[in-house]
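Analysis of the macromolecular model
Next come the chains, spelled out residue by residue.
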Amino acid sequence: MEKAYWLAWSKVPQIGPVSLKRIYQHFGNLKDAWSASSSELLEVEGIGKQIASVITATRREIDPPALLEEYQRQNPRFWTPSDDEYPKLLWEIPDPPPILHYAGSLTKWAERSTVGMVGTRSPSGYGRRWAQKIGKALAEHGFTVVSGLADGVDAEAHRGCLSGEGNAIAVVGTGVNIVYPPKNQSLYQEIIKSGLVVSEYPHNTQPDRVHFPARNRIIAGLCRATIVIEAPEKSGALITAHQANEYGRDVFALPGSLDTHHSLGCLKLIGNGAQVILGVDELIAALGAMPGLDPDPQTEPVQLPLLEPTQQRILAAIAFGEPIGFDRIVETVGLPAGEVSGALLQLELIGAIAPSPGMRYQRLI
């Protein structure tokens, strides 16, 4: 039933992914939030009187169970954060999509071993070669490769992954039943045979330039690390890399010549702290050394013990990769500092997180 309320809330004007996650964290579930009073809604960060009025008016027009039944006629396959299959890494970002439509056969994968690959739509021969080479190597070492099904680096990364008999995930800015660009129809068909195509947009949604920056955050959010192959100084690939960095995920960049404008974005990323790719073996070793990341496809995923609701909220606020500060955790979960401190200690004792200097914490599992 909670799925119906995620769908209903996604239809409320002025409520985007950030606000919706805050509403969920405040009330603990969206069914209770749906019947909350205006005064209770005003307690949620970012909800003012105007938005509360919009929520109240919209709720009178929507019957969540009926909406779900109608929506599923056109969109039979989608996840919400209430579903076990919804990617846990994606839920960790500040603006996770409330609805994630999918097509394909891959519904479970080792999220600890998911790597994004992005780059320009018009790569050089060098960029195409390395996109395929790295995509294939990642697949052969058990990593799931995520990209955007666009021309250029995205398509080559998918092809490399498929040639290595790996799992490919394509994140698209259209409905999952629309192939864009149309020339990638055969590649799309290959991906859904063994992998997955996902989108936050419903069936039959056509390409729109405003969809693709939003799509990029999903690529970054799904992955423990993002690799940029070739990118000019202004490109969507750099947006993805910056978002990955903001989410506390690792960023790698392929170096190139200063004489090639496609390499300038990657060189700037490296100058700003991205890890440089010096070869396939070095890249695989660096990825394998990331906390909690296991490139061995035969390794069983770590099972978390049953956590209390407060512990679950706090663990969800702590990202893999770059440690997060105590004050930021308190701000994110909206709980008293003493309660957060106690829960952090319990999470540390069970091995779910690791402390870092300066009261910072890093998620391990």
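Residues numbered from 1 in each chain as written. Predicted model: local features only at pLDDT ≥ 70, side-chain atom pairs only at ≥ 80, totals over all residues. Heavy atoms only, no water.

A closer look at the packing of helix H16 (residues 326–333) against helix H17 (residues 337–349)
Packing of H16 against H17 leaves a shortest axis separation of 10 Å and a crossing angle of 110 degrees. Relative to H17, the element H16 is oriented roughly perpendicular. In this structure, H16 meets H17 at a crossing whose hand is right-handed. Listed contacts from H17 to Phe326, Ile329, Val330 and Val333 of H16 are Ala337, Val340, Ser341 and Leu344. The residue makeup of the contact of H16 with H17, split by class, is seven nonpolar, one polar and no charged. (Axes fitted to C-alpha atoms, helices over the stretch in contact; angles between N-to-C directions. Helix = DSSP H or I, 4+ residues; strand = E, 2+ residues; numbered from the N terminus. Parallel < 35°, antiparallel > 145°, perpendicular 65-115°, else oblique. Left-handed = near helix turned anticlockwise from the far one by under 90°. Contact = heavy atoms within 4.5 Å. Nonpolar A, V, L, I, M, F, W, Y, C, P; charged D, E, K, R; others polar.)

Description of the sheet that holds strand S10 (residues 324–325)
In space, the three strands of this open sheet follow the order S10-S12-S11, with antiparallel pairing throughout. Strands with a single pairing partner mark the edges of an open sheet, and in this sheet they are S10 and strand S11 (353–356). The pairing of S11 with strand S12 (residues 360–363) spans four bridges and is antiparallel. Looking at the pairing, Ala354 lines up with Gln362 of S12. (Pairing = 2+ DSSP bridges.)

So, the environment of Pro87
As for its position among the elements, Pro87 is in the loop between strand S1 (78–79) and helix H7 (88–92). A residue is classified by how much of its surface remains accessible, and Pro87, at 1% relative accessible area, is buried. The contact partners of Pro87, leaving out residues within four places of it in the chain, are Trp79, Leu100, Trp109, Glu111 and Leu222. (Buried < 20%, exposed > 50% of the residue type's maximum accessible area, 1.4 Å probe, protein only.)

Notes on helix H10 (residues 185–194)
Taken residue by residue, H10 has Leu187, Tyr188 and Ile191 as its buried positions. Buried positions in H10, seen along its axis, are confined to an arc of 100 degrees and lie on one side of it. Exposed side of H10, more than 90 degrees from the buried face: Ser186 and Lys193 are the residues found there. (Arc of directions from axis to C-beta.)

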